[in-house]
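# Architecture at a glance
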Amino acid sequence: MCDLFALCASQHYTAAASLPLFAVRGRQNVHGWGIGYFRRKQPVVEKSGEKVFQGGRLHGSFQRLARVVASPIILAHIRYKSSGQVDECHAHPFVLDFWGQSWIFAHNGKAPAIEPYVSRQAPALEAASDSARTFEFLRDRFVEAEPRRPSAPFLQVFKESLVQLIRQYPGQYNLLLTNGRFLWAFTNHRQLLLLKGSRKLEEALLLTTIEEGLSPENWQKIAAAEGTWGKILLLAGGDLVLTEDLEP
Amino acid sequence: MCELFAMSSGQHYTAQEYLPLFADKSRANISGWGIGFFRNGQVYIEKSCEGIYAGDQVHDSFQRLARVIDSRVILSHIRCTKSGHQKESHAQPLTDRFLDHQWLFCFAGESKGGAAYVSPRPIIDEELLAARVFEFVRDDLLAQMADWPSQSLYQGLAVACKQLITRHPGEYTFFLANESVLFAFLNHAQVLVYHPPKLMGELLVLTTVAGGLTLDPDHWRRYANPDPSRGQILIISGADLLYLGHL
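Computed from a predicted model, the values in this text were never measured in an experiment.

### Points about the overall build of chain B
Within chain B, the regular secondary structure consists of four helices and 15 strands. Computed over C-alpha atoms, the radius of gyration of chain B comes to 17 Å, within 12% of the 18 Å expected from 2.2 N^0.38 for 247 residues, which places it in the range of a compact globule. The principal-axis extents of the C-alpha atoms in chain B amount to approximately 45 × 40 × 35 Å.

Structure follows, in structure tokens:
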């Protein structure tokens, strides 16, 4: 199963301590890796179809990027393919535009039901995977909802989109979506772990799907509540700003 | 009644198109004005106890500041004295540092009980309802976060606002912002939110001025709160209204 990572801070921050640990602890994911962030409002994604950890060593580029990338929000993904080929194009994160801005997206979980989804919007993502189709599906719902902006708050549209997604294409969806200023996280399987003010890693707000967290500290575990379809988190400025259940 | 203004965007903008309109529509308030904004994570506040209008002209400094200040978050307040005196320290926005952020705060409303609140850490020692409201919200939010660190900022703020209107019934509208997120709370009157046509930039403008600031009322969305025992909180970041929560 793939794994997700995010760092969220109020200022530019590197994830030099936590990203290598994320890669080491997620090394069973052998089908690629990617790091996404924003530089002057523009999305930047560096990714690879190679193993993040090989021969007892971290991928050299991953290691260097971890030291160098500085941004208020940094996303990373380590891939274990459940859909699609193993190459750079299928590695996460992905980038699409809607609501007048660029968005970086990463996903873990299996959702084979959505693989046949065909978007009516352009552009389509090149990757042939459930994750790429999931991102297109969400993009399409936001494009349809654009005339309701800003009367309909973002969360309302996001919830409507997720309910449609799960109803039409049942599956496992842990996903991260950011425009560089705030980050939405959604989980309907496994869990998300949060830590702020780490003494061993960065003090910024850290998020991961790695089960034991990235340090021997008190990681807050967040999972979908019973009877709900999932949990939505909003992160901004280094804070957990909002949590909401996704009701059927 | 004092009037409030906020502008939030995904990148640095000036509010030069909107702040003069805000001043014009608030010209009846003669007891001071203030503009607060963020630059490199720091808060800057320029304020005055002079009237926003001198003769038939918007205050010279206000006009110039409106043209020059660029930020992702700009707050402004035009004051009508209900408590305190006409002096610069009573003009808003106010600022304080807590929860790892420097915050800007501005307030409009009335509350007899709220003015009596005594904080263990006053922002200013003078008699000013806005300061007491800010202190109450800050103190209660900090208490919430200390008792339950895993809760979200919104949950903590919602409880603090509920405590405010329960313990000190009154009419409250305030904007509370750090460099990333703007919260707008109201339990009376209205807040209007404007999303300009695309060519005019990706931003949101909020105000308490009835009818909004521009001549295109269709672009203004009105959030009204008729029942003061309840309230609403809007969460805004960049040019997006992210959430509307009801207490």
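The structure having been displayed, the exposition proceeds.
### Considerations on the sheet that holds strand β15 (residues 240-246) of chain B
Residue and element names in this part refer to chain B. If you trace the six strands from one edge of the open sheet to the other, you get β7-β8-β9-β10-β14-β15, paired in antiparallel fashion. Two strands close off the open sheet at either side, each with one partner strand: β7 (94-98) and β15. Pairs of neighbouring strands in the sheet enclose a mean axial angle of 20°, with direction left out of account. In terms of strand pairing, β7 meets strand β8 (residues 101-110) through five bridges, oriented antiparallel. Following the sheet pairing, Leu94 is matched in β8 by Phe105.

### Here we look at the packing of helix α3 (residues 130-145) of chain A against helix α4 (residues 154-168) of chain A
Helix-helix packing is characterised by the crossing angle of the two axes and by the distance between the axes. Residue and element names in this part refer to chain A. Relative orientation of the contacting elements α3 and α4 amounts to 135°, with a least axis distance of 10 Å. Considering their axes alone, α3 and α4 lie oblique with respect to each other. The interaxial crossing formed by α3 with α4 has right-handed handedness. Every residue of α4 that contacts α3 at Thr134, Phe137, Leu138, Arg141, Phe142 and Ala145 is listed here: Val157, Glu160, Ser161, Gln164 and Leu165.

### Description of the nonpolar core
Grouped together as the largest cluster of nonpolar side chains are 154 residues, with contacts concentrated most on Ala6 and Leu235 of chain A together with Phe175 of chain B. Top element by residues in this core is helix α3 (residues 129-147) of chain B. It accounts for nine residues. Apart from the residues lying within four places of it in its own chain, the contact partners of Phe175 of chain B are Leu4, Ala6, Leu75, Cys106, Leu182, Ala184 and Leu206 of chain B.

### Thoughts on helix α4 (residues 153-167) of chain B
An α-helical turn contains 3.6 residues, so any two residues separated by three or four positions project in the same direction. For α4 of chain B, which comprises 15 residues, the first-to-last C-alpha distance of 21 Å matches the rise-based estimate of 21 Å (1.5 Å per residue) to within 8%. On its buried face, α4 of chain B is in contact with β15 (239-246) of chain A together with α3, β9 (171-177), β10 (182-186), β14 (232-237) and β15 of chain B.

### With respect to α3 of chain A
Residue and element names in this part refer to chain A. Its 16 residues give α3 an end-to-end C-alpha distance of 23 Å, which sits within 8% of 22 Å, the value for a rise of 1.5 Å per residue. Looking at α3, one finds that the buried residues are Asp130, Ser131, Ala132, Arg133, Thr134, Phe135, Glu136, Leu138, Arg139 and Phe142. Where the residues of α3 are buried, they touch β7 (94-98), β8 (101-108), α4 and β9 (174-178).

### So, the packing of α3 of chain B against α4 of chain B
Residues and elements named next belong to chain B. Running from N to C, α3 and α4 cross one another at 130°; their axes reach a closest spacing of 8 Å. On the basis of their axis angle, the class for α3 and α4 is oblique. Considering the relative orientation of α3 and α4, their crossing is right-handed. Of the residues in α4, those touching α3 at Phe136, Val137, Asp140, Leu141, Gln144 and Met145 are Gly156, Leu157, Val159, Ala160, Cys161, Gln163 and Leu164. For the contact of α3 with α4, the per-class residue count stands at nine nonpolar, three polar and one charged.

### Here we look at the interface of chain B and chain A
Taken together, the contact between chain B and chain A spans 27 residues of the former and 23 residues of the latter. Considering every element that reaches the side of chain B that touches chain A, the biggest residue donor is β15 of chain B, with five residues. In terms of residue class, the side of chain B that touches chain A is built from 10 nonpolar, 11 polar and six charged.

### Looking at the pairing of strand β3 (residues 42-48) of chain A
All names here are of chain A. With seven bridges connecting them, strand β2 (residues 33-39) and β3 associate as antiparallel partners. Looking at β3, one finds that Trp33 is bridged to Ser48. Between β2 and β3, which pair antiparallel in sequence order, lie two residues; one of them, Arg40, sits at a positive phi of approximately 50°.

### Topic: the pairing of strand β1 (residues 3-14) of chain B
All names here are of chain B. With nine of 12 residues buried, β1 lies mostly within the body of the structure. Where β1 lies against strand β6 (residues 70-78), eight bridges are found, and the strand directions are antiparallel. What sits directly across from Ala6, in β6, is Leu75. Summarising the sheet, β1 and strand β12 (residues 203-207) pair through five bridges and their orientation is antiparallel. In the strand pairing of β12, Ala6 is matched with Leu206.

Reading guide: rules and limits
Residues numbered from 1 in each chain as written. Chains lettered and ligands numbered in written order. Predicted model: local features only at pLDDT ≥ 70, side-chain atom pairs only at ≥ 80, totals over all residues. Helix = DSSP H or I, 4+ residues; strand = E, 2+ residues; numbered from the N terminus. Rg over C-alpha atoms; globule rule 2.2 N^0.38 Å. Pairing = 2+ DSSP bridges. Axes fitted to C-alpha atoms, helices over the stretch in contact; angles between N-to-C directions. Parallel < 35°, antiparallel > 145°, perpendicular 65-115°, else oblique. Left-handed = near helix turned anticlockwise from the far one by under 90°. Contact = placed C-beta atoms within 7 Å. Core = buried A, V, L, I, M, F, W, Y, C linked by C-beta atoms within 7 Å. Buried ≥ 20, exposed ≤ 12 C-beta atoms within 10 Å, placed from the backbone. Expected span 1.5 Å × (residues − 1). Nonpolar A, V, L, I, M, F, W, Y, C, P; charged D, E, K, R; others polar.

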